[in-house]
Amino acid sequence: MSRSAFDAFDGLDPLVDLVQALKRLPGVGPKSAQRLAFHLLQNDRQAATALGESLLKAVAEIRHCSMCNNFCHADVCSICSDTRRNPGLLCVVETPADLAAIEATQTYRGYYYVLMGRTSPLDGVRPESLDWPKLSQRLDDSEVKEVILATNFTNEGEATAVFLTDRIRRMALKVSRLARGVPIGGELEYTDPSTVARALLDRRQLGSDPE
């Protein structure tokens with residue numbers, strides 16, 4: 001949004017900065033950002049203060065789990081600390097939202113690794129940009145026998161799966177992929193739990209068994 005749109009609010013740089021910050025949220029355009037800013041300042045300043053404080057606290061305190069790379073408050077997250085899970089299974093997802101989608105199915109009891117991204121050449125994110133050494137170390141230091149690739153069925157997600165399949169199979173580990181219960185072009189975060197559960201249960205192996 002151009003600064004000229006705020007000519008009626010001359011000198012209100014904090015308002016302009018707020019709108020610019022809100023525009024960076026996914027799915028929020030200039031008009032939506034302006035409406036949100038005006039709503040918070042006009043109708044609910046208490047909520048605006050709480051929102052600001054929560055964001056500052058989250059940025060300061062939320063870190064990455066040293067084992068799975070997911071968001072957590074401690075060094076190791078609650079999932080990685082759960083000894084009741086199957087240590088032979090590791091599900092690789094793109095984002096924490098994807099992890100949450102799989103957990104919501106209540107059908108998977110293995111562990112996870114969160115890539116925090118995916119390959120996307122058009123955006124300058126190439127396979128080598130993924131932190132493969134950290135994932136490789138996670139596999140080396142564990143009892144994992146099968147890696148389930150749960151990247152999304154987008155072009156970028158498929159390219160990420162191909163890259164990881166090649167690297168993981170060199171480690172003599174079984175590699176499987178979510179079945180096509182998740183629609184092509186779909187993202188786990190927006191897929192209903194029953195569909196994700198079916199895809200997880202019907203996952204397919206990639207390539208032949210390691211010798």
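That block above? That's the structure.
Keep in mind that what you see is a predicted model, and the values were worked out from it rather than measured.

Caption draft 1: Highlighting the overall build of the protein chain. When helices and strands are tallied, the protein chain shows 7 helices and 7 strands. For the protein chain, the succession of helices and strands along the chain, N to C, is α-α-α-β-β-β-α-β-α-β-α-β-α-β. Going through the 211 residues of the protein chain one by one, you find that 38% of them count as buried. Contacts spanning at least 24 positions in sequence make up 58% of the contacts within the protein chain whose residues lie at least 6 apart. With an accessible surface of roughly 12200 Å², the protein chain has 53% of that area assigned to carbon and sulfur atoms.

Caption draft 2: Representation of the pairing of strand S4 (residues 111–114) in the model. The two faces of S4 match: Tyr111 and Tyr113 on one face and Tyr112 and Val114 on the other face are all buried. Note: strand S3 (residues 89–93) against S4, 4 bridges, orientation parallel. Paired with Leu90 across the strands is Tyr111, a residue of S4. With helix H4 (residues 96–103) bridging S3 and its parallel neighbour S4, the resulting β-α-β unit is right-handed.

Caption draft 3: Main features of the side chain of Thr165. In this fold, Thr165 is placed in helix H6 (residues 155–169). Residue class for Thr165 comes out buried when judged on its relative accessible area of 13%. Look past the residues within four positions of Thr165 in its chain and what remains in contact with it is Leu149, Val175 and Leu206.

Caption draft 4: Focus on the sheet that holds S4. Read from one edge to the other, the open sheet built from 5 strands follows the order S4-S3-S5-S6-S7, with strand pairing classed as mixed. Here the strands that pair on one side only, and so sit at the sheet edges, are S4 and strand S7 (204–205). Sheet strands touched by helix H5 (residues 132–140): S3, S4 and strand S5 (146–149). Its angle to S4, the strand with the most contacts, is close to 165°.

Caption draft 5: Focus on the pattern of salt bridges. Applying the stated criterion to the full structure yields 8 salt bridges. With a closest N to O distance of 3.9 Å, Arg85 and Asp82 form a salt bridge. For Asp82, a relative accessible area of 13% puts it in the buried group. Measuring nitrogen to oxygen at the nearest pair gives 2.7 Å for the salt bridge that ties Arg85 to Glu103. Placement of the pair is Arg85 in the loop between strand S2 (71–72) and S3 and Glu103 in helix H4, with a sequence separation of 18 residues. We classify Glu103 as partly exposed; its relative accessible area is 25%.

Caption draft 6: Local environment of the nonpolar core. Counting residues in hydrophobic clusters, the biggest one holds 43 residues, and the most contacted among them are Ile102, Leu139, Leu149, Leu164 and Ile168. Among the secondary structure elements, those contributing two or more residues to this core are S3, H4, S4, H5, S5, H6 and helix H7 (193–201). Per-element accounting of this core gives the leading share, 5 residues, to S3. If near-sequence neighbours (up to four positions away) are discounted, Ile168 is found in contact with Trp132, Leu139, Val147, Leu149, Leu173 and Val175. Counting residues in each nonpolar core, the second largest holds 6 residues, with Val19, Leu22, Ala33 and Ala37 among its members.

About the criteria used
Residues numbered from 1 in each chain as written. Predicted model: local features only at pLDDT ≥ 70, side-chain atom pairs only at ≥ 80, totals over all residues. Heavy atoms only, no water. Helix = DSSP H or I, 4+ residues; strand = E, 2+ residues; numbered from the N terminus. Buried < 20%, exposed > 50% of the residue type's maximum accessible area, 1.4 Å probe, protein only. Contact = heavy atoms within 4.5 Å. Areas by Shrake-Rupley, 256 points an atom, 1.4 Å probe, with all protein chains shown as cover. Pairing = 2+ DSSP bridges. Right-handed = clockwise from strand over helix to strand, strands pointing away. Axes fitted to C-alpha atoms, helices over the stretch in contact; angles between N-to-C directions. Salt bridge = Lys/Arg side-chain N within 4 Å of Asp/Glu carboxyl O. Core = buried A, V, L, I, M, F, W, Y, C linked by side-chain atoms within 4.5 Å.

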